[in-house]
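# Remarks on the overall topology
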Amino acid sequence: MTPRAADRARYDRATAHLDAPVAIVDLEAFDANADDLVRRAAGKPIRVASKSVRCRALLERVLARPGFAGLMSFTLAESVWLARAGFEDVLLAYPSADRASFAELTSDPKLAGAITVMVDDPAQLDLVDRARERDGLEVRVCLELDTSLHLFGGRVRVGARRSPLRSPAQLAELARSVARRPGFRLVGLMAYEGHVAGVGDAVAGSPLRSRAIRLMQAAARRELAARRAEVVRAVRAVVPDLEFVNGGGTGSVQHTAAEAAVTEIAAGSGLYVPRLFDNYTSFSGRPAALFAQPVVRRPGVGVVTVLGGGYPASGAPGADRLPVPYLPEGLRYDPQEGAGEVQTPLLGSAADDLLIGDKVWFRHAKAGELCERFEELQLVEGDRVTATVPTYRGEGRTFL
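Taking an unreviewed UniProt entry as the reference, the protein is identified by name as Amino acid deaminase/aldolase belonging to Streptomyces mauvecolor.

## Quick word on helix H8 (residues 168–180)
Between its terminal C-alpha atoms H8 stretches 18 Å, which fits the 18 Å expected from 13 residues at 1.5 Å a residue. All of the buried residues along H8 are Leu171, Ala172, Leu174, Ala175, Ser177 and Val178.

## Some remarks on the pairing of strand E18 (residues 376–381)
Across three bridges, strand E1 (residues 22–26) lies against E18 in parallel orientation. Counterpart to Asp26 in the pairing with E18 is Val380. Bridge count between E18 and strand E19 (residues 384–390): six bridges; the pairing is antiparallel. Bridge assignment links Glu376 to a residue of E19, and that residue is Pro390. Between E18 and E19, which pair antiparallel and follow one another directly, the connecting turn spans two residues, one of which, Gly382, has a positive phi of 65°.

## What about the nonpolar core?
Within the largest apolar cluster, 91 residues are counted, with the highest numbers of intra-cluster contacts made by Leu58, Ile115, Val141, Leu143, Tyr272 and Leu377. Of the residues forming this core, the biggest block, six residues, is contributed by helix H2 (residues 27–41). Among all residues touching Leu377, those that are not within four sequence positions of it are Ala23, Val25, Cys55, Leu58, Tyr272, Cys371, Ala387, Thr388, Val389 and Thr391. Counting eleven residues, the second-largest nonpolar core is a separate cluster that includes Tyr11, Ala20, Ile24 and Tyr326.

## Quick notes on the environment of Glu243
Checked against the element boundaries, Glu243 lands in the loop between helix H10 (207–238) and strand E10 (244–247). Taking C-alpha positions, Glu243 is 5.2 Å from Val187, a pair spaced 56 residues apart along the chain. Only 2.8 Å separates the side chain of Glu243 from the side chain of Arg140, close enough to count as a polar contact.

## Some points on the packing of aromatic side chains
Summed over all chains, the structure comprises 14 aromatic pairs. Plain terms: the ring middles of Phe277 and Tyr280 are 5.1 Å apart, the flat faces sit at 55° to each other, and that makes the pair tilted. Exposure remark for Phe277: the relative accessible area of 11% places this residue in the buried category. The class of Tyr280 is buried, set by a relative accessible area of 10%. Look at Phe291 and Tyr311: their rings are 5.1 Å apart centre to centre, the planes differ by 45°, and that puts the pair in the tilted class.

## Some remarks on the pattern of salt bridges
Tallied over the full model, the rule gives 32 salt bridges. Its salt-bridge partner being Glu395, residue Arg56 comes within 2.7 Å of it at the nearest N-O pair. Residue Arg56 is found in helix H3 (residues 56–63), and its partner Glu395 is found in the segment after E19; the two are separated by 339 residues along the sequence. According to the relative accessible area criterion, Arg56 is partly exposed, its value standing at 21%. Residue Glu395 is classed as partly exposed on the basis of its relative accessible area of 25%. Residues Arg132 and Asp129 are paired through a salt bridge, measuring 2.7 Å at the closest nitrogen-oxygen approach. By relative accessible area, Arg132 is classed as buried at 16%. Relative accessible area serves as the criterion here: at 28%, Asp129 is assigned to the partly exposed category.

## Looking at the packing of H8 against H10
Packing of H8 against H10 brings their axes to within 8 Å, and their N-to-C directions diverge by 25°. Judged by the inter-axis angle, H8 sits roughly parallel to H10. The hand of the H8/H10 crossing is right-handed. Seen from H8, the contacting residues are Pro168, Leu171, Ala172, Ala175, Arg176 and Ala179; seen from H10, they are Glu230, Val231, Ala234, Val235 and Val238. Tallied by class, the residues present in the contact of H8 with H10 amount to nine nonpolar, no polar and two charged.

Calculation criteria
Residues numbered from 1 in each chain as written. Predicted model: local features only at pLDDT ≥ 70, side-chain atom pairs only at ≥ 80, totals over all residues. Heavy atoms only, no water. Helix = DSSP H or I, 4+ residues; strand = E, 2+ residues; numbered from the N terminus. Expected span 1.5 Å × (residues − 1). Buried < 20%, exposed > 50% of the residue type's maximum accessible area, 1.4 Å probe, protein only. Pairing = 2+ DSSP bridges. Core = buried A, V, L, I, M, F, W, Y, C linked by side-chain atoms within 4.5 Å. Contact = heavy atoms within 4.5 Å. Polar contact = N/O pair within 3.5 Å; in protein donor to acceptor, adjacent residues only side chain to side chain. Phe/Tyr/Trp six-rings, centres within 6.5 Å; stacked < 30°, edge-to-face > 60°. Salt bridge = Lys/Arg side-chain N within 4 Å of Asp/Glu carboxyl O. Axes fitted to C-alpha atoms, helices over the stretch in contact; angles between N-to-C directions. Parallel < 35°, antiparallel > 145°, perpendicular 65-115°, else oblique. Left-handed = near helix turned anticlockwise from the far one by under 90°. Nonpolar A, V, L, I, M, F, W, Y, C, P; charged D, E, K, R; others polar.

Shown next, in the form of structure tokens:
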């Protein structure tokens, strides 16, 4: 029996009492992935990206482990909810225009002390001030650095379009603006190198493309390490007591941790290890989060149909955004139908061994987005479900 076949047998036994669709997290794999992130971070604390987990119980579990400290949230409303739930260090990774949540933040000392908001434009500070319902509470602020790689004199850009702040002078200027402004305190810098951390460098069947990605990423790491160090020096000249400099992502943990200017690493997807991480040479993890759909039809030889399953991930549309049939091994989508809203035909010789009611296990393309489809996660240890915990959705929270 192959290791994957053994996992399938365990998951089927663990969930035999549950009807599919069902989502699980293999706790042994989850914890092993957490240990691997800590190893690669080489002593620097890891701030957990909540969007990649979207389950409070699992956020609490990983933060209880050595090497992890603090959360990185994705909306201000989520930040407020997490802080009220007892999480004491929440960095909002994206600027917000949520006036109601800003009013709540600036009127509650507990929230103001726990949450750090992201800023890359003075207009965002104006929005906070207009939302204030009382004076006196300082808002903790983090500035974001654009990490994209500019080639050929800026004519080619590689990387996400995030912050407009790129140069040390630009970051220092905004730092001075925050420092002069009553009601705000600059505490951190963030730089997410998505074109390094979020892009696999071993594309199946494309050796030339893979080589080009590796060359791009090596150049990007060199350029960003030098520029990030300059930015940190420039900002610390304005705010010497800066609390943190955040960088990284699951795909670049060890590289970012090697930079002296960086004090903490952001990561989260590496806890679940979705299918997008199959294309990385820098690390390998154990798939920990899966979902199962039930076989409901057997249309012919080498074909089964499962209920639903059309759960595409965000990002540029493409086949790599679809969940992948994982267990049993050897199943693939029908190219004429793909992953469907209400049914998904699957092809392959493994289909002939499946019966009506059997489970087919899938891996989602990305990490936490799986939790937007399920209200509960079944936590599996060995061949047993040892706990059932709600996702954000299960707690009635859908922030985006």
